[in-house]
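Examining the three-dimensional arrangement
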Amino acid sequence: MGNVLVTGAASGIARAAAIRLAGRMTVHAADIDEAGLAETVAAIRAAGGDARAIAVDVADRASVEAMVAAVEGPIEAAFFAAGIHIRGTAESVAEKDWDRMIAVHVKGTFLCCQAVLRRMREQGAGGAIVTMSSDYAVMAVPGGAAYCAAKAAIHSLTKSIAQEFAPDRIRVNALGPGPIDTPILRSGRTEAEYEEARRRLADNLPVGRLGRPEEVAAVVDFLLGERSSYITGQIVHPNGGQLTW
């Protein structure tokens with residue numbers, strides 16, 4: 001059973017992915033939220049899987065390097081999904097909020113990729129990485145200037161890394177979910193505001209509902225497995241039809 005590293009694993013899509021991947025791999029679950037992380041690890045172990053918790057701040061190089069060093073044995077796969085969501089228009093978003101969004105999403109994804117790619121290259125056995133982008137990397141949404149910019153940067157970063165590491169048999173793809181019922185979607189909203197947003201989003205989706213974290217986790221599992229062995233440098237959109245090409 002190989003090792004998979006999952007960041008952002010305390011909640012949402014990353015938690016669902018960690019639980020699903022534990023069916024075939026040893027999960028190293030990482031997050032800054034240690035309480036939520038403990039819940040994820042407990043759920044995996046209760047189901048008979050093998051999981052270890054690692055506290056990490058993905059925007060800090062030393063923390064990321066310590067996270068990767070904590071994984072014993074080869075790292076065959078990784079899902080970098082740590083993220084935050086601070087809403088605000090381009091006119092109103094505060095500089096500190098912009099900086100934090102870019103630090104967690106873009107710098108965090110870069111630092112995690114850099115550390116794991118070095119490890120995978122040294123191992124010499126290839127590997128697979130999935131980064132967390134969004135539909136909003138390639139479409140517009142009012143009030144999401146920083147989020148859209150960060151997710152577009154991750155999409156572009158992923159394509160570049162995929163080109164660089166293809167000769168090492170390391171595949172790198174981006175995940176581009178549409179509206180999924182996660183804590184990030186709820187963040188910064190009252191219950192009434194969330195319900196209004198949920199209805200509005202669902203009404204605009206061809207499938208008529210929000211996605212579930214488990215549905216996106218299935219795509220992560222596919223992209224990190226042998227069934228996707230000829231796929232790299234792509235962004236894959238589990239989005240209920242919100243975006244079509």
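The structure this text deals with has already been given above.
Presented here is a report on the structure given in the accompanying data block. (Residues numbered from 1 in each chain as written. Predicted model: local features only at pLDDT ≥ 70, side-chain atom pairs only at ≥ 80, totals over all residues. Heavy atoms only, no water.)

**Concerning helix α5 (residues 145-165)**
For α5, built from 21 residues, the straight-helix expectation of 30 Å at 1.5 Å per residue is met to within 8% by its first-to-last C-alpha distance of 30 Å. Packing partners of the buried residues in α5 comprise α4 (95-123), β5 (127-132), β6 (170-175) and β7 (235-236). (Helix = DSSP H or I, 4+ residues; strand = E, 2+ residues; numbered from the N terminus. Expected span 1.5 Å × (residues − 1). Contact = heavy atoms within 4.5 Å.)

**A closer look at the packing of α4 against α5**
Running from N to C, α4 and α5 point in directions that differ by 15°, and their axes come no closer than 9 Å. Judged on the interaxial angle alone, α5 and α4 are roughly parallel. Crossing of α4 against α5: the hand is right-handed. Taking contact as the criterion, the partners of W98, M101, I102, H105, V106, T109, F110, C113, L117 and R121 in α4 are, on α5, A145, A146, Y147, A149, A150, K151, A153, I154, L157, I161, E164 and F165. Looking at the contact of α4 with α5 residue by residue, the class counts come to 17 nonpolar, two polar and three charged. (Axes fitted to C-alpha atoms, helices over the stretch in contact; angles between N-to-C directions. Parallel < 35°, antiparallel > 145°, perpendicular 65-115°, else oblique. Left-handed = near helix turned anticlockwise from the far one by under 90°. Nonpolar A, V, L, I, M, F, W, Y, C, P; charged D, E, K, R; others polar.)

**A few points about the nonpolar core**
Most often, soluble globular proteins keep nonpolar side chains buried together rather than apart. Ranked by internal contacts, the top residues of the largest apolar core, which has 31 residues, are V4, V6, L21, V27, F79, L175 and L224. Element by element, the count of residues in this core is highest for helix α1 (residues 12-21), at six residues. Look past the residues within four positions of L21 in its chain and what remains in contact with it is V4, V6, V27, V220, D221 and L224. Of all hydrophobic cores here, the second largest spans 28 residues; its members include A82, V116, L157 and I170. (Core = buried A, V, L, I, M, F, W, Y, C linked by side-chain atoms within 4.5 Å. Buried < 20%, exposed > 50% of the residue type's maximum accessible area, 1.4 Å probe, protein only.)

Any functional reading would require information beyond the geometric quantities listed.
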